[in-house]
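Read off the chains here:
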Amino acid sequence: MADCVVLASGSGSNFEAIATRLTSSTHRLLALICDRQGAAVLERAARLGVPARLVDYSLGRRKAEEQLAQLLVSLDPDLIVLAGFMRILPGTIVDAFPERIINIHPALLPAYPGMHAIERSWADQASMGVTVHLVDRGVDTGPVLARWEADRSGNPSLEEMEARIHKLEHLHYPLIVERQLNAINREGTRKR
Ligand code: GRF
């Protein structure tokens, strides 16, 4: 058994896929951490019975980051899962959880890091897909754990490609989260 938290800012479809998957595992999802009051992910957490904690960035970034750091220390997760969390984690938090923070990005990294990755790769007619990677101090630069290319056949619209990318995310990200938690459990390097 190992513990994780999910950080999300928006719709939370990946959060829901992960939370659902973990209910049939030995692992615990300790909390959803969200930076946006009124985000749809908060409704999902309430419906799924996952405790939600808000980090208040209206206090200013430094205060919010302190709040986030304290929250993480008190929750003491084995794994931090970023799922559409629209903030850059401060280096102090990244350093406090080496190889224990993962992120999902809707492009085939190292191509198209940062914002609007789907739209930019679409506009370039580039290969499109999803990457899960370890988080380092950069933006979408950490070591890649896995990538999946989305099918571009059939002359799909941008909306159709978005749907295909999200389908890949929901299929694979929960499995990667579970795999990472299994590995932590097996290694026995953490609190249990
Ligand atoms: C996903 O496309 C993910 O790759 C990106 O943010 C989006 C989050 O979507 N980092 P959701 O909030 O999980 O629906």
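The structure presented is a predicted model; accordingly, all values stated were derived computationally and were not measured.

Rules of the game
Residues numbered from 1 in each chain as written. Predicted model: local features only at pLDDT ≥ 70, side-chain atom pairs only at ≥ 80, totals over all residues. Heavy atoms only, no water. Helix = DSSP H or I, 4+ residues; strand = E, 2+ residues; numbered from the N terminus. Buried < 20%, exposed > 50% of the residue type's maximum accessible area, 1.4 Å probe, protein only. Contact = heavy atoms within 4.5 Å. Areas by Shrake-Rupley, 256 points an atom, 1.4 Å probe, with all protein chains shown as cover. Lys, Arg positive; Asp, Glu negative; His and termini not counted. Charge placed at Lys NZ, Arg CZ, Asp CG, Glu CD. Phe/Tyr/Trp six-rings, centres within 6.5 Å; stacked < 30°, edge-to-face > 60°. Lys NZ or Arg CZ within 6 Å of the ring centre and 35° of its normal. Near = heavy atom within 4 Å. Nonpolar A, V, L, I, M, F, W, Y, C, P; charged D, E, K, R; others polar. Core = buried A, V, L, I, M, F, W, Y, C linked by side-chain atoms within 4.5 Å. Pairing = 2+ DSSP bridges. Right-handed = clockwise from strand over helix to strand, strands pointing away. Axes fitted to C-alpha atoms, helices over the stretch in contact; angles between N-to-C directions.

> Talk me through the overall build of the chain; I want residue IDs and the actual numbers.
Looking only at helices and strands, the chain features six helices and seven strands. Across the chain, helices and strands are ordered from the amino to the carboxyl terminus as β-α-β-α-β-α-β-α-β-α-β-β-α. Along the longest, intermediate and shortest principal axes, the C-alpha atoms of the chain span 50 × 40 × 35 Å. The buried share among the 192 residues of the chain stands at 49%. Put simply, 63% of the contacts in the chain that link residues at least 6 apart link residues at least 24 apart. When the accessible area of the chain is evaluated, it comes to approximately 9600 Å², of which 51% is carbon and sulfur surface. Across the chain, 22 positive and 23 negative side-chain charges occur, with their mean positions spaced 4 Å apart.

> Residue-level account of the packing of aromatic side chains, with values.
Inspection of the entire model under this criterion finds zero aromatic pairs. The ring of Tyr57 has Arg87 lying over it, and the distance from NZ or CZ to the ring centre is 3.9 Å.

> Residue-level account of the site of the ligand, with values.
Around the ligand, the neighbouring residues are Ser11, Gly12, Ser13, Asn14, Gly84, Ile104, His105, Pro106, His166 and Glu169. When isolated, the ligand has an accessible area of 370 Å², and the protein chains bury 83% of it. Elements represented by at least two residues in the shell around the ligand include exactly helix H1 (13–23), strand E5 (101–105) and helix H6 (158–187). In terms of residue class, the shell around the ligand is built from two nonpolar, seven polar and one charged.

> Mind laying out the nonpolar core, listing which residues take part and the relevant values?
Counting residues in hydrophobic clusters, the biggest one holds 38 residues, and the most contacted among them are Phe15, Leu32, Val81, Tyr173 and Val177. With nine residues, H6 is the single largest residue contributor to this core. Apart from the residues within four sequence positions on either side, Leu32 is in contact with Val6, Ala8, Phe15, Val41, Leu42, Ala45, Val50, Pro51, Ala52 and Arg53.

> Before we move on, could you go through the environment of Ala40 and cite the residues and values that matter?
Looking at the element boundaries, Ala40 is found in helix H2 (residues 40–48). In this structure the C-alpha to C-alpha distance between Ala40 and Ala150, which are 110 residues apart in sequence, comes to 26 Å. Setting aside its immediate chain neighbours within four residues, Ala40 contacts Gly10 and Ser11.

> Describe in detail the environment of Arg36, supporting the description with residues and values.
Within the element layout of this structure, Arg36 appears in the loop between strand E2 (28–34) and H2. When its relative accessible area of 39% is taken as the criterion, Arg36 is described as partly exposed. In sequence terms Arg36 and Ile118 are 82 residues apart; their C-alpha atoms lie 22 Å from each other. Among residues more than four places away in sequence, those in contact with Arg36 are Ser9, Leu42, Leu54 and Met86.

> Hey, could you go over the pairing of strand E4 (residues 79–82) for me, with residue numbers and the actual values?
Burial along E4 is two-sided: Leu79 and Val81 facing one way and Ile80 and Leu82 facing the other are all buried. Of the pairings in the sheet, the one linking strand E1 (residues 3–8) to E4 comprises four bridges and is parallel in character. Bridge pairing links Val5 to Ile80 in E4. Sheet topology note: the E4/E5 ladder contains three bridges and is parallel. Across the sheet, the residue bridging to Leu82 is Asn103, located in E5. Following the chain from E4 across helix H4 (residues 91–96) to the adjacent parallel E5, one finds a crossover that is right-handed.

> Lay out the sheet that holds strand E3 (residues 52–54) in plain terms, naming residues and giving numbers.
Judged by pairing direction, the sheet is mixed, and its seven strands sit side by side in the order E3-E2-E1-E4-E5-E6-E7 without closing on themselves. Only two strands of the sheet have a single partner each, and these edge strands are E3 and strand E7 (144–149). On average, each strand axis in the sheet is inclined to that of its neighbour by 20°, with strand direction left out of account. When strand E6 (residues 129–134) meets E7, the two strands line up antiparallel, connected through five bridges.

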